[in-house]
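# Examining the three-dimensional arrangement
Residue-level listing of the chains:
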Amino acid sequence: MKSTESANTQKLNDKKACWQLLLNHAFTNGDAVALWRLPNQEIQQLIISKTEKQLKEDAVLEDLSEGFMLAPFMAEHRTFLSADYYFRFSAQTLEEPESATETNAHAWLKQLKPIDTPPAFYEKGSAVKVTSIKGNYINLVNEAIQLIKAGSAEKIVPSRTKTIEASINLLEAFDTLCQRYPTAMVSLISTPNHGTWLGATPELLVSLENQHIFKTVALAGTKAWTPGTDSKNVAWTQKEIEEQALVERYIISCFKKIRLRDYEEYGPKTIIAGNLMHLKSDFKVDMKETNFAQLGTVMLNLLHPTSAVCGMPKDLSLDFLLKNEGYSRELYSGYLGPVNIQQNTELFVNLRCLQWKKSSAQLYAGAGVTIDSVPEREWEETEMKMNTLLSVIFENYTISTR
Ligand SMILES: C=C(O[C@H]1C=CC=C(C(=O)O)[C@@H]1O)C(=O)O
């Protein structure tokens, strides 16, 4: 017992060794794992959960225990990972416990027996890859444009996948994404039911600070960012301005539905998200002043899927995507994030992500199509979005795509 403790004490001073030890034990026991880093924070957080609990449709966000939520694009089957073991890490080491949950987790860690093989992340069966062919995606965008021209929809967000043959070192990739994209929510999730997902998303869906301040954003419009570009001097086209305004109007329509008038709105302004720039407006509500204790739950159900990932009107766009995209989005464009950890909930739309396989990775991206869309440009936009991860992860790899 004593020798295990001293071996582990050394590991605590080495973040990567500590991750290996924890993940190895989690995967050996069939536990689920969520590792994440919130925007503009140094601290990386890790949950190990013994159960992948399916949430009921009427689950109340504000009443959940400390944990991590995962929702696929078709959000009726949401998963909740309770924080059975919770750890925080700085750049190199494990942080000292600050809560009872963390103290328990540290005690558990100290008595774990070393396993010196690399962690075996969960892998899910392969998905269909029809939309990875350029011609298919161009046709899909053209069909969306026809529907919009016929007056049935204002905006639709068709997506596609791309498979890369390579074996990724997930923990290295997670750390590199954290360094390269300080404003993104970076996550690495591995569960028996969902497999393994890595992402660096710029899009907040719902945040609740101290059960008091509700926040969401309207994000749309995409341009390549090159170092040195000043975000204050970026010119956006009419198409991009309208595309983002649609997302804004959608959020406001959700507030109207619940008769909430007292919200603050800032922007839109240009933000840098890795290799890209977007237009973003911020919305904020004081839940105490508006006397709306369950605003998070109510808005989450109304907002998802937003017109940034689905379209406008929502039902018609969803119907179009389910019939025509030709693959299941799974966790791509769903949402994920910590719930009620240290009184805060921060759920993000799962964009700029990949699904990991032992010897390959499946990337996902979509583009907002409006009446002014040019299909070839939408294809290029999805390529740029996939490059957010590819350019970081594969810096030192030879890539072959199919
Ligand atoms: C659907 C995606 O991005 C959304 C978020 C920001 C900008 C978008 C756009 O310009 O089309 C998309 O609405 C994606 O990254 O797969």
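Keep in mind that what you see is a predicted model, and the values were worked out from it rather than measured.

Before going further, it helps to spend a moment on the pattern of salt bridges. Summed over the entire model, instances satisfying the criterion amount to 21 salt bridges. The salt bridge involving Lys16 is made with Asp175; its shortest N-O contact spans 3.3 Å. Here Lys16 is found in helix 2 (residues 15-28), whereas its partner Asp175 is found in helix 5 (residues 170-180), with 159 residues between them in sequence. Taking the relative accessible area as the measure of exposure, Lys16 reaches 28% and is therefore partly exposed.

What the domain assignment lists for the protein chain is domain 1 (2-110) and domain 2 (130-401). Here domain 1 and domain 2 have C-alpha centroids that lie 25 Å from each other. Listed by partner, the interface residues are 45 residues for domain 1 and 53 residues for domain 2. Buried area between domain 1 and domain 2, summed over both chains or domains, comes out near 3,900 Å², and the portion from carbon and sulfur atoms is 59%. When residues of domain 1 are sorted by the area they lose upon contact with domain 2, Arg37, Glu62 and Phe73 head the list and together hold 22% of the total. Taken together, domain 1 and domain 2 are joined by 3 salt bridges. For the pair domain 1 and domain 2, the interface holds 26 residue pairs in polar contact (both at pLDDT 80 or more). For the side of domain 1 that touches domain 2, the secondary structure elements donating two or more residues are helix 2, strand 1 (32-37), strand 2 (44-49), strand 4 (67-71), strand 5 (78-82) and strand 6 (85-89). For the side of domain 1 that touches domain 2, the element with the highest residue contribution is strand 1, accounting for 6 residues. In the side of domain 1 that touches domain 2, the residues fall into 26 nonpolar, 7 polar and 12 charged.

Turning our eyes to something else, we now look at the packing of helix 4 (residues 134-149) against helix 9 (residues 375-393). Packing of helix 4 against helix 9 brings their axes to within 9 Å, and their N-to-C directions diverge by 120°. Classed by the angle they form, the pair helix 4 and helix 9 counts as oblique. Crossing of helix 4 against helix 9: the hand is right-handed. For the pair helix 4 and helix 9, the contacting residues are Lys134, Tyr137, Ile138, Val141, Asn142 and Ile145 in the first and Pro375, Glu376, Glu378, Trp379 and Thr382 in the second. For the contact of helix 4 with helix 9, the residue count by class is 6 nonpolar, 2 polar and 3 charged.

Once that is clear, we can look at the nonpolar core. Counting residues in each nonpolar core, the largest one holds 81 residues, and the members touching the most others are Trp36, Phe68 and Phe214. Mapped onto the domain boundaries, this core takes at least three residues apiece from domain 1 (2-110) and domain 2 (130-401). Apart from the residues lying within four places of it in its own chain, the contact partners of Phe68 are Ala34, Trp36, Ile47, Thr79, Phe80, Leu81, Met185, Ile189, Leu336, Gly337, Pro338 and Val339.

Summarising burial for strand 1: 6 of the 6 residues are buried, a large majority. Here strand 1 shows a buried face lined by Ala32, Ala34 and Trp36 and a second buried face lined by Val33, Leu35 and Arg37. Relative to strand 2, strand 1 is paired through 6 bridges, and the arrangement is antiparallel. By the bridge assignment, Ala34 is partnered in strand 2 with Ile47. Between the antiparallel neighbours strand 1 and strand 2 lie 6 residues, among them Asn40 with a positive phi of about 55°.

What follows deals with the site of the ligand. With respect to spatial proximity, 18 residues lie near the ligand, and among them Thr222, Ala308, Tyr332, Arg352 and Gly368 are the closest. Backbone polar atom of Gly221 to an oxygen atom of the ligand: 3.2 Å apart, as the coordinates give it. For the ligand, an oxygen atom lies 2.6 Å from a polar atom in the side chain of Tyr332. Coverage of the ligand by the protein amounts to 100% of the 390 Å² it exposes when considered alone. When residues of the shell around the ligand are traced back to their parent elements, those giving at least two are strand 12 (213-224), strand 19 (360-366) and helix 9. Here the element with the most residues in the shell around the ligand is strand 12; it accounts for 4 residues.

Calculation rules
Residues numbered from 1 in each chain as written. Predicted model: local features only at pLDDT ≥ 70, side-chain atom pairs only at ≥ 80, totals over all residues. Heavy atoms only, no water. Salt bridge = Lys/Arg side-chain N within 4 Å of Asp/Glu carboxyl O. Helix = DSSP H or I, 4+ residues; strand = E, 2+ residues; numbered from the N terminus. Buried < 20%, exposed > 50% of the residue type's maximum accessible area, 1.4 Å probe, protein only. Domains from an automatic or database assignment. Contact = heavy atoms within 4.5 Å. Buried area = accessible area lost by both parts, 1.4 Å probe. Polar contact = N/O pair within 3.5 Å; in protein donor to acceptor, adjacent residues only side chain to side chain. Nonpolar A, V, L, I, M, F, W, Y, C, P; charged D, E, K, R; others polar. Axes fitted to C-alpha atoms, helices over the stretch in contact; angles between N-to-C directions. Parallel < 35°, antiparallel > 145°, perpendicular 65-115°, else oblique. Left-handed = near helix turned anticlockwise from the far one by under 90°. Core = buried A, V, L, I, M, F, W, Y, C linked by side-chain atoms within 4.5 Å. Pairing = 2+ DSSP bridges. Near = heavy atom within 4 Å. Areas by Shrake-Rupley, 256 points an atom, 1.4 Å probe, with all protein chains shown as cover.

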